[in-house]
Amino acid sequence: MNLGDVAKKINGTVEGDSSIEITGVSSIETANKGHITFSKGKKFIDKLKKSKASAVLVGTKEEVGISQVISSNPELAFARLLEYFHPEPKPKPGIHSSVVLGANVVLGQRVALAPMVCVGDNVRIGDDVVVCAGTVIGDNCELGNGAFIHSNVTLYRNSIIGSHVTLHAGVVIGSDGFGYAADEKGTHVKINQIGNVVIEDNVEVGANTCIDRAATGTTLIKKGTKIDNLVQVAHNCTIGENCILVAQVGIAGSCNLGRHVVLAGQAGLSDHVTVGDNVTLAAKSAALRDIKSNSVYGGIPALPLNTWKRSVTVLPKLPDLSRKVRDLENRLNDLEKNNSVE
């Protein structure tokens, strides 16, 4: 495909030679002749001048000496070109001889079940679903069309997975919510978790993430949300549409997130916290109370970002401030003593 055709595919415009043949997509550092790469911001310009790439995706024209495709959203264009030139490999449909199928299993068309997959009773699997090796699907589960379930995933009973959902290796969906009540002797008595998990369409869940089933009702992940590796979503939570949960986020029970919420790495929510739409919580922050829509918070406990930044700026100065306060107290005491003597 020549560069002109590449530009048409992503609604971009060519600055330079549109006849250049493009054979793949790569990073600035690893690109070779025939590759198109992607540059975001001025800090990459020096690297780009040394790159072997034949072309680059940019937001505005740059003086770098190679042909460019100018796009209003070069990062999105880069993602789409990656998908075109380097599509994710997909196993051929078929059921391996080692697969165990329970009673009343309904399989759609072009389903691929890899070795050692175990499917429980009354499971419904849609069209074009891929289930990789070692995955366990419990009783009464449903998988929508085009779902891709990687190796060693566990779906507990009654879990509902929407269309075009991706679950990466080691994901656990529907494990017990963490609920106990203390008896008169102080012993922890388990509260039975009888709900389920529902994951809507176009959700992606990273490796070794756990989403607990509800005590009663449903733990719900709404459409378009993307969850990173090693995230914990507790029982009875609702995660809104198109949210981003970054690695090691922890969400306690019965939290509700609105749409387009971003929880940065290692951020945490206390139980029963409600977060509005379009909220960002900075890395390693902890929200202990509800957060209103259209805001950015950070810190422990989480505060509006500007307040948190001012607090962080003051922290290194506290030892000096403490000494100054002690000095002022001593001087004040001396003045009071002198006044009392007079």
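Refer to the structure printed above.
**A short note on the overall build of the chain**
For step 1, the next point in the chain: A tally of helices and strands in the chain yields 5 helices and 38 strands.
For step 2, the next point in the chain: Relative to its length of 342 residues, the chain is extended, with a C-alpha radius of gyration of 27 Å against a globular reference of 20 Å.
For step 3, the next point in the chain: With the C-alpha coordinates of the chain rotated into their principal frame, the extents come out at 100 × 70 × 30 Å.
For step 4, the next point in the chain: For the chain, the proportion of its 342 residues judged to be buried stands at 42%.
For step 5, the next point in the chain: Of the accessible surface of the chain, which amounts to about 18,500 Å², a share of 52% is contributed by carbon and sulfur atoms.
For step 6, the next point in the chain: Distance between charge centres in the chain, computed from 35 positive and 34 negative side chains, equals 5 Å.

**Focus on the environment of Thr-280**
For step 1, the next point in the chain: If you trace the backbone, Thr-280 turns up in strand β35 (residues 280–281).
For step 2, the next point in the chain: The spacing of Thr-280 and Gly-120 is 160 residues in sequence and 39 Å in space, taken between C-alpha atoms.
For step 3, the next point in the chain: Residues contacting Thr-280, with those up to four places away along its chain left out, are Val-262, Ser-295, Val-296 and Tyr-297.

**Focus: the sheet that holds strand β6 (residues 94–95)**
For step 1, the next point in the chain: Strand order in this open sheet of 12 strands is β6-β9-β12-β15-β18-β23-β26-β29-β32-β35-β37-β38, and the pairing throughout is mixed. With partners counted over all chains shown, the strands left at the sheet margins are β6 and β38 (303–304), one partner each.
For step 2, the next point in the chain: As paired strands, β6 and strand β9 (residues 112–113) are joined by 2 bridges and run parallel to one another. Bridge pairing in β9 links Ile-95 to Leu-113.

**A look at helix α3 (residues 74–85)**
For step 1, the next point in the chain: Between its first and last C-alpha, α3 extends 16 Å over 12 residues, near the 16 Å set by a 1.5 Å rise per residue.
For step 2, the next point in the chain: At its buried positions, α3 is contacted by α1 (3–9), β2 (24–25), β3 (35–38) and β4 (55–58).

**Overview of the nonpolar core**
For step 1, the next point in the chain: The biggest cluster of nonpolar side chains holds 50 residues, and the ones touching the most others in it are Leu-167, Ile-199, Ile-251, Leu-263 and Leu-269.
For step 2, the next point in the chain: Residues in contact with Leu-269, not counting those within four places in the same chain, are Gly-250, Ile-251, Ala-252, Cys-255, Leu-257, Leu-263, Val-275, Leu-281 and Ala-287.
For step 3, the next point in the chain: The next biggest cluster of nonpolar side chains, apart from the first, holds 16 residues, and it includes Ala-7, Ile-20, Ile-22 and Leu-81.

**Let's talk about unusual backbone geometry**
As a rule of thumb, non-glycine residues mostly have phi less than zero, and peptide bonds are mostly trans rather than cis.
For step 1, the next point in the chain: A cis geometry characterises the amide bond from Ile-300 onward to Pro-301, with omega recorded as -10°.
For step 2, the next point in the chain: The residue Pro-301 is located in the loop between β37 (296–298) and β38 in this model.
For step 3, the next point in the chain: Of note in this structure, Asn-122 is not a glycine but carries a positive phi near 60°.
For step 4, the next point in the chain: Structurally, Asn-122 is set in the loop between β10 (118–119) and β11 (124–125).
For step 5, the next point in the chain: Among the residues examined, Asn-122 registers a relative accessible area of 38% and is labelled partly exposed.

**Focus: the side chain of Thr-209**
For step 1, the next point in the chain: With respect to the element layout, Thr-209 can be found in the loop between β23 (204–205) and β24 (210–212).
For step 2, the next point in the chain: Engagement of the side chain of Thr-209 in a polar contact is seen with the backbone nitrogen of Val-231, the distance being 3.0 Å.

**With respect to the pattern of salt bridges**
For step 1, the next point in the chain: Applying the stated criterion across every chain, the model contains 7 salt bridges.
For step 2, the next point in the chain: Among the salt bridges present, the one from Asp-128 reaches Arg-110, with a minimum N-O distance of 2.6 Å. Of this pair, Asp-128 sits in the loop between β11 and β12 (130–131) while Arg-110 sits in the loop between β8 (106–107) and β9, and the two are 18 residues apart along the sequence.
For step 3, the next point in the chain: Residue classification places Asp-128 among the partly exposed positions, given a relative accessible area of 26%.
For step 4, the next point in the chain: Arg-110 sits in the partly exposed class, given a relative accessible area of 45%.
For step 5, the next point in the chain: For Asp-277, the salt bridge identified is with Arg-259, shortest N-O distance 3.4 Å. Of the two residues, Asp-277 is situated in the loop between β34 (274–275) and β35 and Arg-259 in the loop between β31 (256–257) and β32 (262–263); the sequence distance between them amounts to 18 residues.
For step 6, the next point in the chain: One salt-bridge network, in which partners are shared between bridges, spans Asp-176, Lys-190 and Arg-213.

Parameters at a glance
Residues numbered from 1 in each chain as written. Predicted model: local features only at pLDDT ≥ 70, side-chain atom pairs only at ≥ 80, totals over all residues. Heavy atoms only, no water. Helix = DSSP H or I, 4+ residues; strand = E, 2+ residues; numbered from the N terminus. Rg over C-alpha atoms; globule rule 2.2 N^0.38 Å. Buried < 20%, exposed > 50% of the residue type's maximum accessible area, 1.4 Å probe, protein only. Areas by Shrake-Rupley, 256 points an atom, 1.4 Å probe, with all protein chains shown as cover. Lys, Arg positive; Asp, Glu negative; His and termini not counted. Charge placed at Lys NZ, Arg CZ, Asp CG, Glu CD. Contact = heavy atoms within 4.5 Å. Pairing = 2+ DSSP bridges. Expected span 1.5 Å × (residues − 1). Core = buried A, V, L, I, M, F, W, Y, C linked by side-chain atoms within 4.5 Å. Polar contact = N/O pair within 3.5 Å; in protein donor to acceptor, adjacent residues only side chain to side chain. Salt bridge = Lys/Arg side-chain N within 4 Å of Asp/Glu carboxyl O.

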